[in-house]
Amino acid sequence: VLQVLKEKISLLPDSHRDALAADIDAIMYTTEGDVRIYYDDDGIKFVSILMCFWYLNGANLPDEVPGEAKVFQIVFGDENTKEKKHLLTANYEFQREFTEGAKPDWTITRIEHPRLLE
């Protein structure tokens, strides 16, 4: 996944790359989209969690971005000091082996930034 992500990011315009970054304080809402427990063919137990994030970002994005999806814009301040922010979404799927004795390491198995990585 990391190599595919690096390739996609290298082809993006600077404005889209800037929009992928989210400060922890800019995250407005998070929720789990899907939680699954499953076993592979060898009986190894895994847990998969899809996390969805909504965050504010000040990147210089056009009103319409690829896929013709609308990017929500929020304006802060008055006419003299207004600052435009975009409300963007990001989805990350994490997976971890949960069999006894397994390392407690989570792996990102899917990354989605709709409108930015399409």
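See the structure shown above.
Residues numbered from 1 in each chain as written. Predicted model: local features only at pLDDT ≥ 70, side-chain atom pairs only at ≥ 80, totals over all residues. Heavy atoms only, no water.

Participant: Explain the overall build of the protein chain to me, please; I cannot follow it from the model alone.
Facilitator: Of the regular secondary structure elements, the protein chain holds two helices and seven strands. Reading the helices (α) and strands (β) of the protein chain from amino to carboxyl end gives α-α-β-β-β-β-β-β-β. Counting the 118 residues in the protein chain, one finds 27% classified as buried. Within the protein chain, contacts between residues at least 6 apart in sequence are counted, and of these 56% link residues at least 24 apart. When the accessible surface of the protein chain is split by element, carbon and sulfur atoms take 52% of a total near 8,100 Å². (Helix = DSSP H or I, 4+ residues; strand = E, 2+ residues; numbered from the N terminus. Buried < 20%, exposed > 50% of the residue type's maximum accessible area, 1.4 Å probe, protein only. Contact = heavy atoms within 4.5 Å. Areas by Shrake-Rupley, 256 points an atom, 1.4 Å probe, with all protein chains shown as cover.)

Participant: Explain the environment of H16 to me, please; I cannot follow it from the model alone.
Facilitator: Along the polypeptide, H16 turns up in helix 2 (residues 14–20). Here H16 falls in the buried class, since its relative accessible area comes to 7%.

Participant: Explanation requested: the nonpolar core in the structure shown.
Facilitator: Within soluble globular proteins, side chains that are nonpolar tend to cluster in buried spots. Ranked by size, the top nonpolar core spans nine residues in total: L12, A19, L20, Y55, A59, L61, L88, A90 and L116. Mapped by element, the contributors of at least two residues to this core are helix 2 and strand 6 (83–97). Each residue touching A90, except ones within four places of it in the same chain, is listed here: M51, C52, F53, Y55, E112 and H113. (Core = buried A, V, L, I, M, F, W, Y, C linked by side-chain atoms within 4.5 Å.)

Participant: Any chance you could explain the side chain of R96 here in plain terms?
Facilitator: Mapped onto the secondary structure, R96 falls in strand 6. Buried and unpaired, R96 has no salt bridge, with D105 as the nearest side chain of opposite charge at 7.4 Å. (Lys, Arg positive; Asp, Glu negative; His and termini not counted. Salt bridge = Lys/Arg side-chain N within 4 Å of Asp/Glu carboxyl O.)

Participant: Is there a simple way to think about the environment of W54 in this case?
Facilitator: Topologically, W54 is positioned in strand 2 (residues 45–57). A relative accessible area of 28% means that W54 is categorised as partly exposed. Once the C-alpha coordinates of W54 and Y29 are considered, the two residues, 25 residues apart in sequence, prove to be 5.2 Å apart. For W54, the contacting residues outside a window of four places in its chain are A26, I27, M28, Y29, T31, L87, L88 and T89.

Participant: Even after reading the chapter, I still don't get the pairing of strand 6, so can you show me in this structure?
Facilitator: Two faces belong to every sheet, and in a regular strand the side chains alternate between them. Of the pairings in the sheet, the one linking strand 2 to strand 6 comprises 12 bridges and is antiparallel in character. By the bridge assignment for strand 6, L50 is matched with E93. (Pairing = 2+ DSSP bridges.)

Participant: Would you take a moment to explain the packing of aromatic side chains for this structure?
Facilitator: How two aromatic rings sit relative to each other is set out by the distance from centre to centre and by the angle between their planes. Under the definition given, this model contains five aromatic pairs. Ring centres of F98 and W106 lie 6.3 Å apart, and the angle between their planes is 65 degrees; this geometry places the pair in the edge-to-face category. Judged by its relative accessible area of 39%, W106 is partly exposed. A connected cluster of aromatic rings, assembled from ring pairs, spans F53, Y92 and F94. (Phe/Tyr/Trp six-rings, centres within 6.5 Å; stacked < 30°, edge-to-face > 60°.)

Participant: Sorry if this is basic, but what is going on with the environment of Y29 here?
Facilitator: Note on placement: Y29 falls in strand 1 (residues 27–39). Judged by relative accessible area, which is 46%, Y29 ranks as partly exposed. The contact partners of Y29, leaving out residues within four places of it in the chain, are C52, F53 and W54.

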